[in-house]
Each structure stands twice: as structure tokens, then as C-alpha cells.
Amino acid sequence: MPQQKDIVKIAIQMPGAYPQLIQLDQKKPLSAVIKEVCDGWNLPGPDNYALQYADGVQMYITESNRLDIKNGCILRLTKAPGRCAEDLFKGIQSSDAGVRCDSLKELANVSRDVTFAQEFISRDGHLVLVKIVEDSNENNLIMMHTLTGFMELMDHGIVSWENLSSIFIKKIASFVNAKVTDESIQQVSLDILESMVLSSHSLFVQVKQEVTMERLIAHLQVVFQLFYLFFRTNQQIQTKAMALLMALLQTAGDSDRQEMFAFLNKKNLRQYIFKNIILSSGLVQDEMAHYLYVLQSVTLNHLEDRMRMPLDCYSQEQRDILHTLRQAAFETDSENSLSHERRRSLCAKEFRKLGFSNNSNPGQDLVRTPPGLLALDTMYYFATHYPDAYSRFVLENSSREDKHECPFARSSIQLTLILCEILRIGEPPSETGSGYHPIFFSQDKLMEELFCVCIQLLNKTWKEMRATQEDFDKVMQVVREQITRTLSTKPTSLELFKNKVNALNYSEILKLRQTERLHQEETLSPPVLELKERLKPELLELIRQQRLNRLCQGTMFRKISSRRRQDKLWYCRLSPNHKMLHFGDVEDDTENPPIETLQEKIPVADIKGLLTGKDCPHMKENKGKQNKEVLDLAFSITYDVEEYNLNFIAPSRTDFCLWTDGLSVLLGRDMSSESMRSELEILLSMEIKLRLLDLENVSIPDSAPIVPKPPSNYNFCYDFSQTEQ
């Protein structure tokens, strides 16, 4: 008897037959299961049949993947992969063009399944497809199905790409290079060439020789003013052309890559992408976003060599650049007339003002890698392209007190490192990454221009934080956050980035951090806010009951005479049935007197109002004589026809809040004390945390998931009861 865990209840379909509902025993051989199914429909030759999924990706069921079958799955009885492969192998070689077309179309569909692909390739079916392409005697439709089927078969990695002939490669390249050809053929051809380039360097060389870069760029520069359907086709060709271009760039050696970049810059590719892809009205698709990210990554990685190269203290060129930075900041016309020692002392002093830690040998500050020489490049770019801003930065900080000056060189070196980390310079492109920066495609020198904006931002933030040298790391953390947050908004131009990053000042960063801290505690997410609103009535009722219970316990109050002597005590408490307020004078040594000993009482129904602070009658009588402390503790109740009142001065602010809240509850009013608000927040926070314990480390969405529409019918429900009987 099979165990219940090995039994899967499924349905099996076959065209023209009533579906079978069976209990599949996963321990039973698949051949035996297929035989039982064939017997149920009186089909001979069970070896000619196989099972595959009826919905979604219609994969064949094999012994290796049968455990993926779940309860309720619908399978289909179909031709065995070997039989299907044999039929299609014959069909694609038929003399009838219609049979060939239908066979190739079906082949393109079923080749997605690895089981079929193994059977078809074992018959050398892929070589037949290669022959069809090399002969090129077929029409466009047959050629498109041939290329699609070939691509699907090769994707399984059963056959190596390097086994392909040069004739085949030239033919595929000709489809891409042709100015007039079927868009579908071009699309699949670009796919095939991309896979070739990524598979080996030898194929990269062949493809680079055969595919003209001009034609590849032309595929990217498609005309957009077309009908939607045609635009969609062109967009797909654009994406495939971009994929092949990125494959060529990633596989190329340094010299080849430099040559390709020079060609792409000459053709203004980045400007074209920025104008016609990024700024276009259509949304950038995920696949295209990935290739834009790859292009950005490969381009920025050209800076990696400079980033990882330390300054050479013996390089005259690099020493000259350091002195150019010094001379641009400090005008030293009479420097040549000074003696060697005097000039050396002056240089050291000016390098110190410039912010170098090692002022006698500033090159030592640039030995650390990263950022290495890239930091020197960015400083030199800023000094030469924005000389006024550079001089203003250095001179402004030179005139400050030593402890408050912002060191330009030290800040520049650290800022360059931060930008390298944010832009991921030196990291190979991720296979799934899609985080490109639109601003990259609008700037020729993104790294340098970003540095020029951010170094001025750093100086501004330094002043806002009133930082000293000890605060250097804190300032750099804030600047990193300012840059990261601004880039995450995807600014499309340097000017837009500059405006946004400068608007995100230090106080705004502090506010954002506070808000995010609350969000991390799940206190501001919409579902939690909604839950809070639902919990409030219950918790407010709990606070009301606590206030009434506190009034029932009572409180000792002091009477203040006109001579400011606190010489009398009186006690007030609420009756257990909440109908009477009992009060009366008591002695000093009395604690919690019984309700019967309190001589006076006021029916709660006769209470007309509650007054607090300076509105109280006993505060008005002594107007100008009461201090703020007493005013904050005073409250009164008016009763009867507002001719009588009972005046209180609470012993503490806590008692004041308890009594005013309790009396408000008796009068049917809302509680309004700060104590009530604090307690409500504490109770809400505790209740929310308790309810969210089971959702720890689970992100709560901002909105509820969309409930799908009900199905048009419920015919998919099977009744297993008869089978079980």
C-alpha cells in the first residue's frame, strides 16, 4: 500500500477523449503509469506516448522531474519525445514546402524542452537546420522558424557553438548586415550572434570581422515615428542589437574595446540613447535597462586603471600637476626669487592649506588605492574647468580657524573614493543588474562633472554641520547619503542633479533618517496605520475605564487659603456606580477614607461643565497672584445651574490629567490630556509589536494585493469522491 505522501491527485487530458482523474503513485515507474493511462483509453503501443504539462511551459514529464508534479496538476498524453523528434526530423526535409514550414514551426516551439532537444540533436537534426541556413533557398517564414528552432536547441548547451562553420556565421551576419530583410529574421540572428560572441574569443573575432559596426548602430537608430506595432518590432530589434553590441564590448580585449568606444563616440551613440530611448515617451523595458546598465558599467570601468594606480613620486608629470593645483589656489608670482629653502617652506605651508596631510610630500596622500591617481585627475579637472569655484573653496577654508577648515585635498580623495563606490567602478557588470543612471548618457565625463558638483556640496554640508577635523568621517557619510539619495531619483541632467543634491541639505537628511527609522519599525506603513486606527477605540475604552477606576479610588486635595497657606485637606472620590461624586474634609493622617465618611456629594447628572487653568473661578478670584505651576494644576466642575462649583488644585500634573480625563468621560466628552495621548501611543506601540511578531523580517506592502476577477466558469473543479470509492 503506497504511503499518502507518495500519492498525487492529477488529471490527464487527450484531444477527443474524456479526461482521466488518477492518483499518481510517485514510486511507480513512469512507463507503468503511461501504460495504465493508455489502457484507460484503449490505446496500443504505450512506448509511443509520454506525459507533459497541459498549461504554461509544456515540458515533458521524466523520471528526473516527476517530483515537481503537485496535487491538481493537469497533464496531457502526447507523442513521446523520440517519436516527435523522428517525425519532425523527416518533416523538415520534406519536398513539400508547406510540410517543411509546419514542421519547422512546431520544432521552434517544442525545442524549448530539453528532453526533446536531446532526441532531436541525437539524430543530427541541428545539422539539417545549419544546412538550410547555409543554402538560403527558403522563404523568409521558413528561415525565421529555422533560426528560432536552432536558437532554442543551442540554448540547452548540448552542442558547442564552436562546432559551427564559418559559412554559417557569415550567413547569419549577412542577415544582420542586410539593409532590407525580415525584422524577425534580424532579431533571431542578433540573438544567435550574441550567444556566439559570449561563448568563445575565437567566435568573437569572427563575428567582429563579419558584422559591420555601422549596421549595428543603424539597428539602434531606428525611426520612432511609426505605427505602434511596427515601433514595437523595431524596439525588439533595438534591444537585440544592443545585446550584441554589449557582448562584443564585454568580450573584446583592451585595444579592441578602445577602438569600438572610439567608433561609438564618433557616432554619438550615448547622445542618441539619451534622446531616443531614455527620454522617449515609452517606458524602458527591463531587458534594454540591463544593456544600458552594462554599457554604463563597461564605460566607467575605463577609469579602473587610474583608480588602482598609486601616484609615482618620481614622475615629473604628476609632480607638476600637484604644483599646478597649488599655484592655481595661491598666486605666487615672486616664488622664483626665493631661496630653495624658503621656497620649499612656502610650498609646504601652501600644501597644508590645500588640505594635504603630508604637506612636505603631498604625493604620499595619493599612494593609497583606490582612488589612486583618479583623485588627482578629479582635483585637476575641477581646478582647470572651474577655477573660480576651486579658488573660492581653498581660500575660504584657508581663512577659517584651523579646527573648522574643510581640507580640500583630503576631502577630494575621500569623495573620489565614494563616487567610485557609488558608480561601482572596477566591478564587472552583473548578469541581472539594471540600475543605470540616465545622467551618464547626458554627460561625456560623468565622473569628473559629478566630482565638481559634489566637492562644492561637501563644502556646503561642512558649514551646515559646523564640522571640525574630528567630524570628517561624519560629514563624508552625510555627503555619501546626499549623493546616493539624489542619484536614486534618476536625474536626467547634471543641472537637475545639482539642484536636487543642494536642496537635500543636512537638516533634510536628519528628517529623512528619522522618518526611515519609524518606517523600519513599521510604524508609518499604510497597513500598520490602518491597524492602529482599528485598535484605537478598544484602547481608548481601556484608558476610560482606568480613569474611572482611578476616580473611584479617590485623591487627597489641599485647600489654599487667601493667605497662601495650605492648611486644610479634603478628599474626593467617585461612587462605584459612577453616579455620585463624594467629597469632604479629612485629617492629615487619613489615608483613603471610606466613602461613607465623606459628607458632601454631587450627582454626576447635575455636573454641567469642566473648567481648567485660568478659567477656573478660584483662579479668577486671585487673578495676578497665581503662578503658572498652580494654574497648570487647577480645575473646577460646575453643577446645578452653574451657580455652584467645586474647585480643585491637583497634587501633581499626573493627578490633574487623571481627573480631567475621568470627568470628561463622565460628561461624555473626549479625553484630551497629554497623559492620555502618551499612554495611548504606548499601548498602540505595544499592541502593534505583539501583532507583528509573526511577521518579523517580512516586509509589509503599502497596499493590499489586488483581488483577481472571478473566473468565467468553475468547470476546472474535479470531484475525486467517485474515484476514491
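Our subject in this report is the structure included herewith.

Analysis parameters
Residues numbered from 1 in each chain as written. Predicted model: local features only at pLDDT ≥ 70, side-chain atom pairs only at ≥ 80, totals over all residues. Heavy atoms only, no water. Salt bridge = Lys/Arg side-chain N within 4 Å of Asp/Glu carboxyl O. Helix = DSSP H or I, 4+ residues; strand = E, 2+ residues; numbered from the N terminus. Buried < 20%, exposed > 50% of the residue type's maximum accessible area, 1.4 Å probe, protein only. Polar contact = N/O pair within 3.5 Å; in protein donor to acceptor, adjacent residues only side chain to side chain. Core = buried A, V, L, I, M, F, W, Y, C linked by side-chain atoms within 4.5 Å. Contact = heavy atoms within 4.5 Å. Pairing = 2+ DSSP bridges. Expected span 1.5 Å × (residues − 1). Arc of directions from axis to C-beta. Axes fitted to C-alpha atoms, helices over the stretch in contact; angles between N-to-C directions. Parallel < 35°, antiparallel > 145°, perpendicular 65-115°, else oblique. Left-handed = near helix turned anticlockwise from the far one by under 90°.

In this section: the pattern of salt bridges. Pairs may arise between side chains of opposite charge once their charged atoms sit close together. Taken as a whole, this structure holds 32 salt bridges when the rule is applied. Across the salt bridge formed by R123 and E86, the nearest N and O atoms sit 2.8 Å from each other. Here R123, found in the loop between α4 (114-122) and α5 (125-135), pairs with E86, found in helix α2 (residues 81-91); they are 37 residues apart in sequence, far enough to count as distant. Judged by its relative accessible area of 28%, E86 is partly exposed. The residue R308 makes a salt bridge to E304 at a minimum N-O spacing of 3.0 Å. For R308, a relative accessible area of 43% puts it in the partly exposed group. Through salt bridges with shared partners, a single network forms among E86, E119 and R123.

Among the structural elements, T555 can be located in strand β5 (residues 555-559). Of the polar contacts made by the side chain of T555, one reaches the side chain of W659; its length is 2.8 Å.

The subject of this paragraph is the nonpolar core. Note that soluble globular proteins tend to have their nonpolar side chains buried in a common cluster. Core analysis: the largest hydrophobic core is formed by 147 residues, its most contacted members being F120, M196, I273, L292, L354, L415 and I483. At 11 residues, helix α21 (residues 446-464) tops the list of elements feeding residues into this core. Filtering out sequence-adjacent residues up to four positions away, F120 remains in contact with A85, L88, F89, I92, L107, G125, H126, L129 and L153. If you look at the next biggest cluster of nonpolar residues, it comprises 40 residues, including L551, L574, I602 and L684.

Counting buried residues along strand β6 (residues 568-574), 6 of its 7 residues qualify, which places the element largely inside the surrounding structure. By the bridge criterion, 5 bridges tie β5 to β6 in an arrangement that is antiparallel. Each bridged residue has a counterpart across the sheet, and for F557 the counterpart in β6 is W570.

With 19 residues, α21 should cover 27 Å at 1.5 Å per step; its first-to-last C-alpha distance of 27 Å lies within 8% of that length. Most of α21 sits out of view: 15 of its 19 residues are buried. Two residues or fewer after α21 comes R466, characterised by a positive phi angle close to 50°.

Our focus in this paragraph is helix α1 (residues 30-40). L30, V33, I34, V37 and C38 are the residues of α1 that are buried. Considered in projection along α1, the buried side chains sweep an arc of 135° and stay on one side of the axis. Taken from the residues just after α1, N42 is the one with a positive phi, measuring 55°.

Moving on, we come to the sheet that holds strand β1 (residues 7-13). The sheet built from 4 strands is open, its strands ordered β2-β1-β4-β3 with mixed pairing. With partners counted over all chains shown, the strands left at the sheet margins are β2 (20-25) and β3 (49-53), one partner each. Neighbour-to-neighbour, the strand axes of this sheet turn through a mean angle of 40°, independent of strand direction. With 3 bridges joining them, β1 and strand β4 (residues 74-79) adopt parallel strand pairing. By the bridge assignment for β4, I12 is matched with L75. Together, β1, β2, β3 and β4 form the strand contacts of α1, whose direction differs from that of β2 by roughly 160°. Packed onto the sheet, α2 meets β3 and β4 and runs at close to 50° relative to β4.

Turning to the side chain of S195, a few remarks are in order. Mapped onto the fold, S195 is located in helix α8 (residues 183-199). Judged by its relative accessible area of 17%, S195 is buried. Those residues in contact with S195 that lie beyond four places of it in its chain are M151 and W161.

The relative placement of two packed helices is expressed as an angle between their axes plus a distance between the axes. Relative orientation of the contacting elements α21 and helix α23 (residues 494-503) amounts to 15°, with a least axis distance of 11 Å. Judged by the inter-axis angle, α21 sits roughly parallel to α23. In the crossing of α21 with α23, the sense of the turn from one axis to the other is right-handed. For the pair α21 and α23, contact is made by E449, L450, V453, C454, L457 and K460 and by L494, F497, K498, V501 and N502, respectively.

An order of β9-β10-β11 is seen for the 3 strands of this open sheet, with the pairing classed as antiparallel. Every other strand in the sheet has two partners, leaving β9 (607-612) and β11 (644-649) as the edge strands with one partner each. Within this sheet the neighbouring strands show an average axis-to-axis angle of 20°, counted without direction. In terms of strand pairing, strand β10 (residues 634-639) meets β11 through 6 bridges, oriented antiparallel. Residue pairing in the sheet places T638 in a bridge with N645 of β11. Sitting on the sheet, helix α28 (residues 653-666) touches β9, β10 and β11, and the angle it makes with β10 is about 25°.

By themselves these figures say nothing about function.
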